[in-house]
Structure formats: C-alpha cells, structure tokens
Amino acid sequence: MVSRRNLIIGGVALVAVAGIAYAATSGSNGGSSDKFTAAVVSDTNGVNDKGFNQSAWEGLEKWGKENGLEKGQNGYNYFQPKTVADYNTQLTQAATAKYNVVAAIGNTFKDSVQTVSKKYPDTKFVLVDEIAGSKYKNVASVMFRSEQSSYLVGVAAATKAKTMGDNTVGFVGGMKNPVIEAFLAGYQAGVKSVDPNIKVDATYAGTFSDPAKGQTIAKAKIAQGEHIIFQAAGGVGNGVFQAAKDQDATLAADSKDKVWVIGVDMDQTDMGAYKTKDGKADNLTLTSSLTGIGRGVQLVTEAAQKDKFPGGKTVYYGLKEKGVGVTTNNLNADEKKAVEDAKAKIIAGDIKVPDTPEN
C-alpha cells in the first residue's frame, strides 16, 4: 500500500484491518490455543499491488507487529495465488492451517469461497466486494458503497474540468461487473451534479491485471483531449498512471494541458509523483476514491470474536460508517469545499447516489 495520508475525509482508516484479530482469545477451530488468528488471501495481483490487496495486507501486518505476533500460522499471514485456478488451493491451505478468519480479497473469489467454505464449516470466511449468498452460513460478505466515494471524486473531477475548459472526463474500468459499474455510476452522478454538460467517457479493459492495456487506453483518451481520468481497474490502473506521467513529463509544471489521474481503493498519491519537463517535482494524482477494506474486515472479525459473526449475511459500509472516502491533499480550496459539501449531503441523506451507470 502507498503511504497513508492524514487528509482523508471522514478519517477512513484503511489500516483498520489491524483489528482483524487483535484480541487474545480462544480459537474455536484451531490456530494457537490462546490467540485469534487471521489470514488474507489476495487475488492474482498480490499483496504488493499498491491497491486493494496491499491495503488489506499492510493493515494486518501492522496489527500483528503492534500485538507482538509473528507472521505465520500462529499469528497473521497472507496467501497469494498466482492464477485464478489457484484460488481454491490457497483458500484450502488457509483453512487447513486453522486460521480462525480467512478473508478473500476481491470479487473474483466468489465461486471459490462458495466451494471451499462448504468443506470447512468451522472456518469463518470473509468475502470482500462480492456476495456469497444467504445459504453460506460461515461466510460474511462485505460490500462497500463505492458509488458514494466515486460521487465525490466525480465532483472533484468536474470542478477541475470546468477550470480547464474540458467537456469530457475519462473513466477506465477493469472487468465489467456490478462493483466496477457502481464506481462508474457514482462518478457519473458526481460529475453531472457539478455540470450536466460534462460527459464521462468510460472504457472497460476486460481485465484487472494488464498495465499495458491500461496505458494504451489512457493514451487514447489523452489524445482525445481528456485531462482527468478515473481508473477503477486494479493493475490496469498502473498503466493509466504511466500514460499520464509520459504525457506530463513533456510539459512545464504550470501547463494547462496537464493530465490528472484519480486513484482507487487506497491513497494513490505516491503513484502520481513525477518530474516535469523543467525538472520540477510534481504530482498528477488529483484525488483517490478510498475503500476501507480494513475497516470492513475489522468490524466483521470483531463480531466473530463476540460470537456475532454475520454468517450468511451481507454488510454494507459507506461514508456514514467510514467505510469509503476520498483524499483531498491535492485538491485546491474550491475542489475540496465542493467535495466536503457533497459528502455532508450524502451522509445526511440529501443526496441518493445511484449504483447503476447511465447508458
């Protein structure tokens, strides 16, 4: 995960996955006899993806160190599949290693969690960003109202676009699924709330793990005059950042043609660092739509420790629960105010954000 920033609206604590197993308690299905143990299973992008997976792992690692635990079977650990075909194997290894809670990070785990959880009914599984279904009593599904944070970055994007004279902003999604469509829906609504004449040009890469494809898509958008691109695309988003850097490195620091990228899931400000044509250090990350992965896993795991694990249920976390948010460190005063005003209205219920995109 990229370094944490303290300028996060609502204080979304991505590192809150630190609470995934903080209490010393008796594990009902193994592990150490006096510790509540936990593991995360990343998707194929791994725990160093500078995004969704890394945010989960670093939070868990931080918790382990703070509580004097070591990485391993009697403390905290991660499992990292090389391919989707490895998902079942990795989940099985975590279950047979007797971790009390096994969190599968990402919506591509649905089928595997459904399959493996049936074989290990005493293990409590957490499926992040997808819904397992009510019949899976040892699986808690954790969803985030990403459309709410995406609405806020849409507000920021449109506010910036108006000052740049742009009438189109970009969106790059990974695979087309309900989660990524919710990101797009919120973004569209946020942009429209500022200026209904600004269009959102959306493209799906069809994958989450091909940076080169993201770079190609972003370069095409930049060539069309799009100066702000929101990427919700996993590893594909790395390519979007690279395309923006390639463009901005040819410009002076104060150029009006600067391309901005909006990060996803975690504070991706560090990914936007680059040097301008005149050798000045600059940053092209406008803002980031934060997903409090750790926050959600923490709350569900704490419930498990209290014998209130929401197995078979789906829990949702949004702005009100501090499950999603945005960074504001690179926003100017007008952009920040617009975002904060919109955030307050969403929490108050004055703005209902759609989770289905416009056609």
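Higher on the page you've got the structure.
A quick note: this is a predicted structure, and the numbers were derived from the prediction, not measured.

To continue, consider the overall build of the chain. For the chain, the helix and strand inventory stands at nine helices and 14 strands. A total of 359 residues make up the chain; the buried ones form 57% of that total. A separation of at least 24 residues holds for 72% of the contacts in the chain among residues at least 6 apart in sequence. When the accessible surface of the chain is totalled, it reaches about 14,600 Å², and 46% of it is carbon and sulfur.

What follows concerns the packing of helix H6 (residues 211–223) against helix H7 (residues 236–248). It is the contact of H6 with H7, at a shortest axis distance of 6 Å, that shows an interaxial angle of 45 degrees. With respect to H7, the element H6 is oriented oblique. Judged by the twist between their axes, the crossing of H6 over H7 is right-handed. Together, Pro211, Gly214, Gln215, Ala218, Lys219 and Ile222 of H6 and Val236, Asn238, Gly239, Val240, Gln242, Ala243, Ala244, Asp246 and Gln247 of H7 make up the contact between the two elements. A per-class count over the contact of H6 with H7 returns seven nonpolar, six polar and two charged.

Turning our eyes to something else, we now look at the environment of Phe52. Locating Phe52 in the fold gives a position in helix H1 (residues 52–66). In this structure, the C-alpha to C-alpha distance between Phe52 and Gly106, residues 54 residues apart in sequence, is 7.8 Å.

Further remarks concern the sheet that holds strand E6 (residues 168–173). Here we have six strands laid out as an open sheet, ordered E7-E6-E8-E9-E12-E14, and mixed in their pairing. A strand with exactly one partner marks an edge of an open sheet, and here the two such strands are strand E7 (199–204) and strand E14 (324–326). Each strand of the sheet is rotated relative to its neighbour by a mean of 15 degrees, with strand direction disregarded. Pairing analysis gives three bridges linking strand E12 (residues 285–291) to E14, with the strands arranged antiparallel.

The strand order across the open sheet formed by six strands is E2-E1-E3-E4-E5-E13, and the pairing between neighbours is parallel. Two strands lie at the open edges of the sheet, namely strand E2 (76–79) and strand E13 (314–317), each paired on one side alone. Taking the axes of each pair of neighbouring strands and ignoring which way they run, one obtains an average angle of 20 degrees across the sheet. By the bridge criterion, four bridges tie strand E1 (residues 38–41) to strand E3 (residues 101–105) in an arrangement that is parallel. Considered in E3, the bridge of Val41 is made with Ala104. Running over the sheet, helix H2 (residues 87–96) touches E1, E2, E3 and strand E4 (124–128) and is turned about 160 degrees from E3.

The subject of this paragraph is the packing of helix H4 (residues 146–164) against helix H5 (residues 178–194). Two elements in contact, H4 and H5, have axes whose closest approach is 6 Å; the angle formed by their N-to-C orientations is 40 degrees. Comparing the axis directions of H4 and H5 gives the class oblique. Helix-helix and strand crossings are classified by hand; for H4 and H5 the assignment is right-handed. Counted together, Ser146, Glu147, Ser150, Tyr151, Val153, Gly154, Val155, Ala157, Ala158, Thr159 and Lys162 of H4 and Ala182, Phe183, Gly186, Tyr187, Ala189, Gly190, Val191, Ser193 and Val194 of H5 form the full contact between these two elements. Taken together, the residues that form the contact of H4 with H5 break down as eleven nonpolar, seven polar and two charged.

Procedures and definitions
Residues numbered from 1 in each chain as written. Predicted model: local features only at pLDDT ≥ 70, side-chain atom pairs only at ≥ 80, totals over all residues. Heavy atoms only, no water. Helix = DSSP H or I, 4+ residues; strand = E, 2+ residues; numbered from the N terminus. Buried < 20%, exposed > 50% of the residue type's maximum accessible area, 1.4 Å probe, protein only. Contact = heavy atoms within 4.5 Å. Areas by Shrake-Rupley, 256 points an atom, 1.4 Å probe, with all protein chains shown as cover. Axes fitted to C-alpha atoms, helices over the stretch in contact; angles between N-to-C directions. Parallel < 35°, antiparallel > 145°, perpendicular 65-115°, else oblique. Left-handed = near helix turned anticlockwise from the far one by under 90°. Nonpolar A, V, L, I, M, F, W, Y, C, P; charged D, E, K, R; others polar. Pairing = 2+ DSSP bridges.

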